[in-house]
Each structure stands twice: as C-alpha cells, then as structure tokens.
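One letter stands for each residue in the lines below.
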Amino acid sequence: TNSVVLSIRGSFEFSDLLTDLVAAAVPLCDSKSQQLGRVHAGMLEAAKNILNEVRTSLVEALELHVGWRLVVCGHSLGAGVAALITALVTLVE
C-alpha cells in the first residue's frame, strides 16, 4: 500500500543513552487532559521532539499524497519512540 513512512532509529549516540536512562514513568494525557496511561519519560520527550521536527514535512507529504497512510516504525529505542509518536498523533492531538 502507498504510505508515508517515518522511521526512528535505535540507540546510536551518547544522548540516546541519556534518553534510555530517563526511565521515570510520566502520565500521557489526551487533549482533554484525561490520563491515558504512564509512559517512559525519556521516550516521551524524544517522541515530542521528533514530532515537532517532522510535523510540517509529514503534513505536506500526506497532503501531497491524498489517501496514503502514515506508517511510524522504529528499532529498539526507536520502536518505543515510534509507538509514542503514534499515540501522540492519534490519541493526544
């Protein structure tokens, strides 16, 4: 199927180790401030940062390719971040 793909790599740099280590659980809330669950703080911060960086490009790509779906995937640390990006896009925003 036709898809716009956002792929998140796994741990690669020293800063990724810091993301791994910030393992406190923090609430994930929807746009109405209803708590959806608790998630890894470092991964949530990474997901928000990446989404802020790529949001415009994703919107443009999906507008250019009407009917295409968005696939978010990752490996290792990136898989957790990809799951949270998906949650942010579908449940929070």
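My aim in this report is to walk through the structure given alongside it, one point at a time. (Residues numbered from 1 in each chain as written. Predicted model: local features only at pLDDT ≥ 70, side-chain atom pairs only at ≥ 80, totals over all residues. Heavy atoms only, no water.)

1. Concerning the overall build of the protein chain
Right, so step 1: Scanning the protein chain from terminus to terminus reveals three helices and four strands.
Right, so step 2: Listing every helix and strand of the protein chain by position from the N terminus yields β-α-β-β-α-β-α.
Right, so step 3: Taking 93 residues into account, the globule formula puts the C-alpha radius of gyration at 12 Å, and the protein chain, at 14 Å, falls close to it.
Right, so step 4: By its C-alpha atoms, the protein chain is 40 × 35 × 20 Å across when sized along the principal axes.
Right, so step 5: The buried share of the protein chain, taken over its 93 residues, is 28%.
Right, so step 6: Carbon together with sulfur atoms contributes 57% to the accessible area of the protein chain, which is approximately 6,000 Å² in total. (Helix = DSSP H or I, 4+ residues; strand = E, 2+ residues; numbered from the N terminus. Rg over C-alpha atoms; globule rule 2.2 N^0.38 Å. Buried < 20%, exposed > 50% of the residue type's maximum accessible area, 1.4 Å probe, protein only. Areas by Shrake-Rupley, 256 points an atom, 1.4 Å probe, with all protein chains shown as cover.)

2. Concerning the nonpolar core
Right, so step 1: Ranked by internal contacts, the top residues of the largest apolar core, which has 19 residues, are Leu-28, Val-81, Ile-85 and Leu-88.
Right, so step 2: For this core, the secondary-structure elements that each account for two or more residues are strand 1 (3-8), helix 2 (41-64) and helix 3 (77-92).
Right, so step 3: With eight residues, the top contributor of residues to this core is helix 3.
Right, so step 4: Apart from residues no more than four positions distant in its own chain, Val-81 is found in contact with Ile-8, Met-43, Ala-46, Ala-47 and Ile-50. (Core = buried A, V, L, I, M, F, W, Y, C linked by side-chain atoms within 4.5 Å. Contact = heavy atoms within 4.5 Å.)

3. Here we look at the environment of His-40
Right, so step 1: Looking at the secondary structure, you find His-40 in strand 3 (residues 35-40).
Right, so step 2: Taking the C-alpha atoms as reference, His-40 lies 5.9 Å from Ala-24; in sequence the two are 16 residues apart.
Right, so step 3: A polar contact is formed between the side chain of His-40 and the backbone nitrogen of Met-43, at a distance of 3.0 Å. (Polar contact = N/O pair within 3.5 Å; in protein donor to acceptor, adjacent residues only side chain to side chain.)

4. Some points on the pairing of strand 1
Right, so step 1: Of the two faces of strand 1, the one lined by Val-4, Leu-6 and Ile-8 is fully buried and the one lined by Ser-3, Val-5 and Ser-7 carries no buried residue.
Right, so step 2: Strand direction decides the pairing type here: strand 1 and strand 4 (residues 69-74), joined by six bridges, are parallel. Opposite Leu-6, over in strand 4, you have Val-72 as the bridge partner. (Pairing = 2+ DSSP bridges.)

5. What to know about unusual backbone geometry
Negative phi is the rule for most residues except glycine; trans is the rule for most peptide bonds.
Right, so step 1: Phi is positive for Ser-33, which is not a glycine, with a value near 65°.
Right, so step 2: By the element assignment, Ser-33 lies in the loop between strand 2 (25-29) and strand 3.
Right, so step 3: Ser-33 gets classed as exposed once you look at its relative accessible area, which sits at 60%.
Right, so step 4: Residue Ser-76 is not a glycine yet carries a positive backbone phi of 60°.
Right, so step 5: By the element assignment, Ser-76 lies in the loop between strand 4 and helix 3.
Right, so step 6: Given a relative accessible area of 48%, Ser-76 falls into the partly exposed group.

6. Points about the environment of Leu-58
Right, so step 1: With respect to the element layout, Leu-58 can be found in helix 2.
Right, so step 2: Sequence spacing of Leu-58 and Gly-37 is 21 residues, and the spatial spacing of their C-alpha atoms is 26 Å.
Right, so step 3: Not counting the four nearest positions on each side in its chain, Leu-58 is found in contact with Val-4, Leu-6 and Leu-70.

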